[in-house]
Each structure stands twice: as C-alpha cells, then as structure tokens.
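Observations on chain architecture
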Amino acid sequence: MKLRLLLILWTWLAAAPALAVDPREVLADPALEARARALSQELRCLVCQNQSIDDSDADLARDLRKLVRERIAAGDDDRRVIDYVVSRYGDFVLLRPRLTPATYLLWFGPLAIVLLGLLALAVFYRRNRADDPAVPAPLSPDERRRLESLLKDGPR
Amino acid sequence: MIVEAGHFALVLALCVAFVQGVLPIVGAARGNAAWMAVAPQAAIAQWLLVAVAFLALMHAYVTSDFSVLNVVLNSHTDKPLLYKISGVWGNHEGSMLLWVLILSLFGAAVALFGGNLPAAFRARVLSVHAWLAIGFYLFILLTSNPFERMLPPAENGQDLNPLLQDPGLAFHPPMLYLGYVGFSMAFSFAVAALIEGRVDASWARWVRPWTLLAWCCLTAGIALGSWWAYYELGWGGWWYWDPVENASFMPWLAGTALLHSATMVEKRDTLKGWTVFLAIVAFSLSLLGTFLVRSGVLTSVHAFATDPARGVFILLLLVFVIGGSLALFAWRGPTLRNTGLFQPISREGAMLLNNLAMMTGAAAVLLGTLYPLFLDAVGGAKVSVGPPFFNATFVPLMIPMIAAMAVGPLLAWKRGDLAAAMKRLWVAAAAAAMVALFIWQMQGDGAIFGALGIGLATWLLVGVLVEWGERIRLFRAPAGEAIGRLVRTPRASLGMTFAHAGLAIAIAGIAASTAWKVESIQTMKPGDTVDVAGYAYTFQGARRADGPNYTAVRGTFTVRKDDRPFATLEPEKRIYAVRSQPTTEAAIRTTFLGDLYAVIGDPEGTEGAFVTRIYFNPLVAWIWAGAMLMAAGGLLSLSDRRYRVGLAAGRRRDAPADASPTRA
C-alpha cells in the first residue's frame, strides 16, 4: 500500500522536470504568443502539483495551452479567454483567485494586517511617550556649536 | 544488528528526554541543585544516543542493507556514495531523524557552552528543549520508524528520486534543518524566560547568536534550494511560491524580524515581550513548515510523504507547542518590563518598521499558502492561490521596507534626525535615479518595473555604503584614521553592512531576471543556429552519454559572441533506469551580466533534430551571490568580540547591574 502510494507520487514527480511549451504550439504572431504565455502563467495545470500550464509537461496542460491559443487566435480578448477556461474547468484553474466574498479575507487580509500593525505601532508610541515625560528639548544652535567644538578638540 | 542498535538508541534517547523534561524543571522550582544538574548530562546523552541512531541508519544506507524497508525504498547499489549518504535524509523517516539529531545537537551545545548561564535558567531551558524532543521522538517511533525491517529482504533498492540525486539537494535539507531547528533554541529560551518572568540583556546576548546561526543556515539553505530549482527543473525559474518554498520562507521572515528585535533587547532593554513573541512565532512557523512538507496536506512538487496518520500527529504536536507557548505568553508576557524608551524616528523605530514589514509579509504568505485549505475545510469553493497572488501582495509590502532600510542605520538610537539622514543619502538618491533612468532608456519597451527594481537596489546598496563610509569617516578624516576605524569596526556592524548589501544585490538579480529574461524555443537540426540576447548558439548534434545509474542524451551547442567562440554548452536529458524517470540537466554558463542557459528536449524527426530551449537570464546569479553575502554577513557578525565579552558578562549576571559592559 505504502509502495503504491509512493509509486503514484513518483509518476507525478516524473512530470515535473520535462519541457513544457513545444515549438509546434507557438503562435506565428509574436504579440499573440506573448499574450498566450502571459495567460498560461495565470492558469493552473489541474493534474499537477502547483504548476502553471506554462511550466507543466502534462498532457492536460498541453491541451489547455492549445485551447488558450485557439481562443486567442479566434480573436478573444484576455478576459474572455479566461472566462472560457473557467467555464469549463471552474475557479480552481485560476492561480490568481477572483475577488469574491469567499476570497475577501485572502485579498484584503494582508492590507488589514498592515493597518492593524500600524495601529498597534501608533498605540505603542503613544504609551511610550506617556511613560517618558523627560523628552529633552533639542539642542539650541549655540549648544550645538559648543558640542561640535568640544568633539573636535576633546581627547580621543 | 546495527540497525536494531540504532532503533534501541532512539528509544533510550526518548527515555533520557523524559528525565530531562521533568527533573531539572522541578529542581529549578524547588531549588534542588542536584536535580537541576541532571539537565546538561541528559542533553549530552541524548545527543550521543541520537547520533548512534543516525549513524546506524547511515551505515545501512552505505552498505546497501536491503533488509531495511527505508533503504529499499530510497537507495540502490548503483547509486554514487554521495547520494547513498544524502539518501538518509532524502526521505521522510530519515529526514525526521536528521531533525532530532540537530535538535539534540543544539541541546548539547547549551549543556557544553552554557556554563555561564544561571543554573536554574539553564535547567529550565533544557527541560523545555527536552519536551520538544519528546514530541519528535514519539512521532518517529510511532509513525515514521526508519529502522523498520523488511522480510524477506529485497534484492535491490528502488533508488532515490532522481531529482534529489544532485549535489545541491544533498546539502539543502541539512542546511534548512539547521535553520528550522536552530530557532528551537530561541523558543526554549523564550519559554524558559516566560517561566522565570525575566528577560534582560544577557538573555538577548544568548538568544541572538543562536538565532543568527539559524538564520545564516536558513538563508543558505533557501538559496541552495532555489539554485537547485533553477538548474534542475529546466525552465530557468528560481522561485515558484510553492507551498514548500513558502514553508521555509516564513520562518526566515520571522527569524529576520527576531534578529532585529533581539538587538533592541540587548542594546536598549526594550520590546522584550515582542521579542519573546517573535521567538515563539519563528519556531512555530518552522514547525508549521515541517507540517506542511511532511503531512502532505498540500500537494506540492516536494512533498514526498503522504500519510494522514502522521498528519494528525503533527497537528496535535503543533497545537500543543504553539498553543501552549502562546497561552504561556499571554499569561506571563505582560510581566516583562521595558525600560528603554524611544521616538518613532530612531534606529529602534526603523527596526520596528522592519519587524512590521517582515511579519506582515510572513502573514500574507501564510494566508496565501493556507487559504485553499481553509476554504476547503469550511466547505467553500476550491480555489488555487499561485504566484500571481504572492507577487501582487508580498512585493508591495517589501518595497517601502527596502526604501526605509537605507535610512534606518543612519538614525541614532532613541531619537534620530530624519532630515540629517536624508541629507547624507543624497548620493544614494541621485545614483538610484540615474541608474533607473539609464536602464529605462536602454531597455525601452515598457520594462519600467525592472528599471524601478534596479533603482531600488541601487538606493539600498549606495545607502549601505554611505553608512559604512560615515562609520569609518571615509573622505572626512585623514586616510590613516579612516583605516584605523575600518580595522576597529565591530564585526557585528560590518556583518550588517554585508547582509544589507547582499539583499541589495539579490534585489537587483530578482528585478533583472524577472523583467528581461529572454527565451527561445525551437526545433534545431545539427548545424542550425539561433541568436539569443546577442549570443549565437549552433547546435552540433547530440549523442549518448550514460552515467552509473542513468542513460542520457547529451547535446552540444557552440556559442559565439561577436563572431568569436565564447563557450560550449552541453545540456543533458537523463533517464534514471530504476525509476524510468527523466530529468533535465541544463547547461549554464554564468557571466557577470547574466546566465546563458540551454536545455535539450525530445528528438524530433529522423535527421537528428531536437527540441531545444535557450534562455538568457540577466543578473540571475546575483540572487544567490547576494544571499551568500547575507549569510556571510551573519557569520561575520557571529564572530563579533561582543559575544565573547557578552559570555563573560553573563557569568556576572548576579553581580550589580553596572557590571555589564556598556560598549557595543
């Protein structure tokens, strides 16, 4: 049983290092091809482990790459290509999850943490200042000159 | 027989750990010196016992003992000796054994070098450490026994995953584990300090070097792993935001924050509670990293152990360790008093900003890594969170921090003068603007982000050099005095200069290799030439080139630049016989400005043509050079005189407060 699991795992791993995009898939128009590559990096190879279809050698990834290129060649804009792929494979295919109520926490979480952190800092400094009544006044120009001359002449 | 001895040694280590987990801490509570004195001996005994277990397993690997299941699954008689040895930790069970070996090593280090710690404190630290060890010993013995026999023995083994048969990956796990487990020291010290309710400068002087050592190893380990991905996975990428990569990156971020806050505890006697909290978080993230990789909850390229029973065990361990320590922190943390006060614009303030950015970054990575799991668990939709998310959230968080990083070291402790610092940084600002504009003009085609990235790196690098120049009064004092100051610069501050400069160099590499990577995919017949980024690659054909345990096809490219021969590149495509698994061995020629990178794929037609991919990766080697500079900076800082002075100061811990040295 353990052996079989490992075997399955190896066959997955076997797909990892091989080559992805094949010269035969490449679109003749470099601008369209560049769009296809950019889109491919946003789409997940569904049978792989956390790889985009641009990186994967799996058959499914190849089919998806071809599909993306067909749609682009047919004149779809990026949004419609993505919509088309999602309509067939579901949201799971997107490496950049869409902003929906289910992903609010994901997309706004980091921002919320930054704001909370800044708030905590502000509170910390307020308290810090309250604890520190003896914040000295900055040096007057006169005092500063004296200090500089002392520093210059003083013993090292 | 040797294998059973190893197994038995591990069981004994568990028993010793139980004694070490109970007696010293009870002794410390009751003031019983004899019970406290058990701790160091027990820690050393543990280490010796685990070393016996580890060597026993290694012996089984080196002698190809195929009556041991673990060896059968991960080794083969034809495998080169290096990979027989690295095979010990190239699998789940063995890697856990390596984990406890390093854990016990750190425990033994406290026992051997901790003579200057107060006896009660050392006893508590070692007891806490023992409880961590108990968790892992039980995990190994109950769910992942590497010494399991197989009857009847196999004729030969099933070989190690060929992707792991690589020098880079042979040393990657030990480095990474030294980092992960190194944070266990900070953790044990933090928990022991919470139990005592006391954190002072000598505490920080103990925690900081260990954290620094762990951080250096983790930095090197991550860099090694990313370098491996770059040359072995064959498409020139070096970071994928894969869950396993994130697993090692989060403790690194927390560890970086901890290093900076521990400095403040040591020098300014402030932020104690926060530092203790960071120590707990850094180790918790290390544990979580182990959990993510080992339990297989996240399917990923690296997760080579998939077994839910183990997952449940590690989950319980996580809940116990993280939950327990955080609860202790909530209870005892508020008793820690800070005395050092400071203004927002000060060196402490800058370090606190670093802490904020690092921890927010770690939180964003954690959120993205666990979100699919979380959504799935609460019955939501199945989503993927991939590189586009991490790039969109993590990178914007880091940019302000890096901008502030050039300023921080120029501010004074307690209360800094921002205007004066900015005035001294005009050179950096001018250099950054000029470089960014120049590159933007050169490259043109919309790669504005690349130019901005290089500009940011220039700002930081020049800022670091300005600070260093100020420190030794370069150009301001006579040359003799500047040299004298250079020689006398504390190594800790020189280490900081190195580490910050290393980050600047790495950022330049990241920006350039992302923005201006050139790729060319084609079918080439022998004699065909393609031009990539000003280099002409001629395919000379391919031939067989078999190794000890694989068959291979090796292609040859001659590369010419400006019509002069420049290099010969020989990429391979290997098939490892036992597992019939292909790997690509990219051929790479590193130059100062970028890597020439060639890969050979499948044959095409009958005329000896092959699919080939050729890349030019600008400045990509700077990423690892920068990372190595960071690790070197850490080591340099570790060799600082203060730590030796500090050790002496620790011995006088019970002496009057003014005995602690005030230099530094």
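The written sequence of each chain sets the order in which its residues are numbered from 1. Each chain takes a letter, starting from A, and each ligand takes a number, starting from 1, following the order in which they are written. Thresholds applied to this predicted model are a pLDDT of at least 70 for local features of residues and 80 or more for the giving and counting of side-chain atom pairs; totals over whole chains, interfaces and linings are not thresholded and use all residues.

Remarks on the overall build of chain B
Applied cut-off: We count a stretch as a helix when DSSP gives it H or I for four or more residues in a row; a strand needs E for two or more, and each element gets its number in order from the N terminus. Computation of the radius of gyration draws on C-alpha atoms, with the globule rule given as 2.2 Å multiplied by the number of residues to the power 0.38. Our exposure labels follow a C-beta count within 10 Å of each residue's own C-beta, placed from the backbone: buried means 20 or more other C-beta atoms, exposed means 12 or fewer, and partly exposed covers the counts in between. This entry defines residue contacts through backbone-placed C-beta atoms, with two residues in contact when those atoms are within 7 Å.
Along its length, chain B carries 21 helices and ten strands. The globule rule puts the C-alpha radius of gyration for 664 residues at 26 Å, and the 27 Å found for chain B is close to it. With the principal axes as the frame, chain B shows a C-alpha extent of 85 × 75 × 55 Å. In chain B, which comprises 664 residues, the proportion classed as buried is 56%. A separation of at least 24 residues holds for 74% of the contacts in chain B among residues at least 6 apart in sequence.

A word on the overall build of chain A
For chain A, the helix and strand inventory stands at six helices and zero strands. Element order for chain A, N to C, with α for helix and β for strand: α-α-α-α-α-α. Expressed as a percentage of the 156 residues in chain A, the buried residues total 28%. Long-range pairs, those at least 24 residues apart, make up 50% of the contacts in chain A with a sequence separation of at least 6.

Considering helix H3 (residues 59-73) of chain A
Residues and elements named next belong to chain A. The cut-off we apply is this: To estimate the expected span of a helix, subtract one from its residue number and multiply by 1.5 Å. Note that the arc is computed from the directions linking the helix axis to the C-beta atoms.
With 15 residues, H3 extends 21 Å from end C-alpha to end C-alpha; this agrees with the ideal 21 Å at 1.5 Å per step. Among the residues making up H3, those that are buried are Ala-61, Leu-64, Arg-65, Val-68, Arg-69, Arg-71 and Ile-72. The arc enclosing the buried residues of H3, seen along the axis, measures out at 160 degrees, which places them on a common side. H3 presents Asp-59 and Asp-63 as exposed residues on the side facing more than 90 degrees away from its buried surface. Where the residues of H3 are buried, they touch helix H2 (30-40) and helix H4 (78-89). Phi turns positive one or two residues past the end of H3, at Gly-75, with a value near 100 degrees.

Points about unusual backbone geometry
All names here are of chain B. Cis rather than trans, the peptide bond between Leu-151 and Pro-152 has omega equal to -5 degrees. At Ala-533, a position not held by glycine, the phi torsion is positive, near 50 degrees. Its location among the elements puts Ala-533 in the loop between strand E2 (529-532) and strand E3 (535-544). Ala-533 gets classed as partly exposed once you count the C-beta atoms within 10 Å, which come to 18. Not every positive phi belongs to a glycine, and Asp-563 is a case in point at roughly 65 degrees. Among the secondary structure elements, Asp-563 is positioned in the loop between strand E4 (550-561) and strand E5 (564-569).

Structural notes on the pairing of strand E10 (residues 609-618) of chain B
Residue and element names in this part refer to chain B. Condition: Two strands pair if DSSP finds at least two bridges between them.
With eight of ten residues buried, E10 is to be regarded as a mostly interior element. Bridge count between strand E9 (residues 594-604) and E10: nine bridges; the pairing is antiparallel. By the bridge assignment, Ile-600 is partnered in E10 with Thr-612.

A few points about the domain arrangement of chain B
Residue and element names in this part refer to chain B. Where we set the bar: How far each domain reaches was decided by an automatic or database domain assignment. By the convention adopted, Pro, Cys, Tyr, Trp, Phe, Met, Ile, Leu, Val and Ala count as nonpolar, Lys, Arg, Asp and Glu as charged, and the other residues, Gly among them, as polar.
The domain boundaries assigned to chain B delineate domain 1 (1-160) and domain 2 (518-621). A straight line from the C-alpha centre of domain 1 to that of domain 2 covers 44 Å. Across the contact, six residues belong to domain 1 and five residues belong to domain 2. Class assignment of the residues belonging to the side of domain 1 that touches domain 2 gives a composition of one nonpolar, two polar and three charged.

Some remarks on the sheet that holds E9 of chain B
The strands making up a sheet associate through backbone hydrogen bonding, with each pair oriented either parallel or antiparallel. Residue and element names in this part refer to chain B. The line we're drawing: In this description, a line fitted to the C-alpha atoms serves as the axis of each element, helices being fitted only across the stretch in contact, and the angle between N-to-C directions of two axes falls anywhere from 0 to 180 degrees.
Pairing within the open sheet is antiparallel, and its four strands lie in the order E1-E10-E9-E8. The outermost strands of the open sheet, each flanked by one partner alone, are strand E1 (518-524) and strand E8 (587-591). Mean inter-strand twist for the sheet, computed between neighbouring axes without regard to direction, equals 15 degrees.

Description of the nonpolar core
Residue and element names in this part refer to chain B. What counts, and what does not: By definition, a nonpolar core groups buried Ala, Val, Leu, Ile, Met, Phe, Trp, Tyr and Cys residues that connect through C-beta atoms lying within 7 Å of each other.
The biggest cluster of nonpolar side chains holds 213 residues, and the ones touching the most others in it are Val-100, Ala-186, Phe-189, Ala-254, Ala-279, Leu-460 and Ile-507. Here this core gets 20 residues from one element, more than from any other, and that element is helix H9 (residues 201-232). Leave out the neighbours within four places in its chain, and Ile-507 touches Ile-402, Gly-453, Leu-456, Ala-457 and Leu-460. Core analysis: the second largest hydrophobic core is formed by 19 residues, Ala-542, Leu-569, Ala-586 and Ala-587 among them.

Quick notes on the pairing of E9 of chain B
All names here are of chain B. Counting buried residues in E9 gives eight out of eleven residues, a clear majority hidden from the surface. As paired strands, E8 and E9 are joined by five bridges and run antiparallel to one another. Paired with Thr-591 across the two strands is Gly-594, which belongs to E9. Where E8 folds back onto E9 in an antiparallel hairpin, the turn is made up of two residues.

Remarks on the packing of helix H6 (residues 92-113) of chain B against helix H8 (residues 167-196) of chain B
Residue and element names in this part refer to chain B. The test is simple: If an angle is under 35 degrees, it is roughly parallel; if it is over 145, roughly antiparallel; if it lies from 65 to 115, roughly perpendicular; otherwise it is oblique. Two helices that cross are described as forming a left-handed crossing if the nearer one is turned anticlockwise from the farther one by less than a right angle, and a right-handed crossing if clockwise.
Contact geometry for H6 and H8: axes closest at 9 Å, N-to-C directions at 45 degrees. On the basis of the axis angle, H6 is oblique to H8. In this structure, H6 crosses over H8, and the sense of that crossing is right-handed. In this structure, H6 uses Ser-95, Leu-98, Trp-99, Ile-102, Leu-103 and Phe-106 to contact H8, whose residues at the interface are Pro-173, Pro-174, Tyr-177, Leu-178, Val-181, Gly-182, Ser-184 and Met-185.

Topic: the confidence of the model for chain A
All names here are of chain A. What counts, and what does not: Residue-level confidence of the predictor is summarised by pLDDT, bounded by 0 at the bottom and 100 at the top.
Averaged over all residues, the pLDDT of chain A is 77; the fraction at 70 or higher stands at 79%. Mean pLDDT across the secondary structure elements of chain A bottoms out at helix H1 (residues 2-15), with 40, and peaks at H4, with 90. Long-range and interchain partners of residues 1-18, a stretch whose pLDDT sits below 50, account for 29 contacts in this model, where long-range means more than four residues apart.

Looking at the packing of helix H19 (residues 491-515) of chain B against helix H20 (residues 620-638) of chain B
Residues and elements named next belong to chain B. Where H19 meets H20, the closest approach of the two axes is 7 Å, and the angle between their N-to-C directions is 165 degrees. Comparing the axis directions of H19 and H20 gives the class roughly antiparallel. Relative to H20, the crossing made by H19 is left-handed. Partitioned by chemical class, the residues of the contact of H19 with H20 number 20 nonpolar, eight polar and one charged.

Quick word on the confidence of the model for chain B
Residues and elements named next belong to chain B. Taken as a whole, chain B shows an average pLDDT of 86; of its residues, 94% reach a score of 70 or greater. Here helix H21 (residues 641-651) stands out as the least confident element of chain B, with mean pLDDT 51; helix H3 (residues 38-62) is the most confident, with 95. Taken as a whole, residues 300-305 scores under 50 in pLDDT and shows 23 contacts with residues more than four places along the chain or in a different chain. Contacts for the low-pLDDT stretch residues 645-664, under 50 throughout, to residues beyond four places or in other chains number 18 contacts. Quick note on the complex model: pTM equals 0.88, ipTM equals 0.81.

Side note on the environment of Thr-63 of chain B
For Thr-63 of chain B, the location among the structural elements is in the loop between H3 and helix H4 (69-74). It is 32 Å that separates the C-alpha atoms of Thr-63 of chain B and Ala-586 of chain B, two residues lying 523 residues apart in sequence.

Section: the environment of Leu-569 of chain B
Residues and elements named next belong to chain B. Checked against the element boundaries, Leu-569 lands in strand E5. For the pair Leu-569 and Phe-171, spaced 398 residues apart in sequence, the C-alpha to C-alpha distance is 26 Å. Residues in contact with Leu-569, not counting those within four places in the same chain, are Phe-557, Val-559, Ala-587, Arg-589, Leu-596 and Ala-598.

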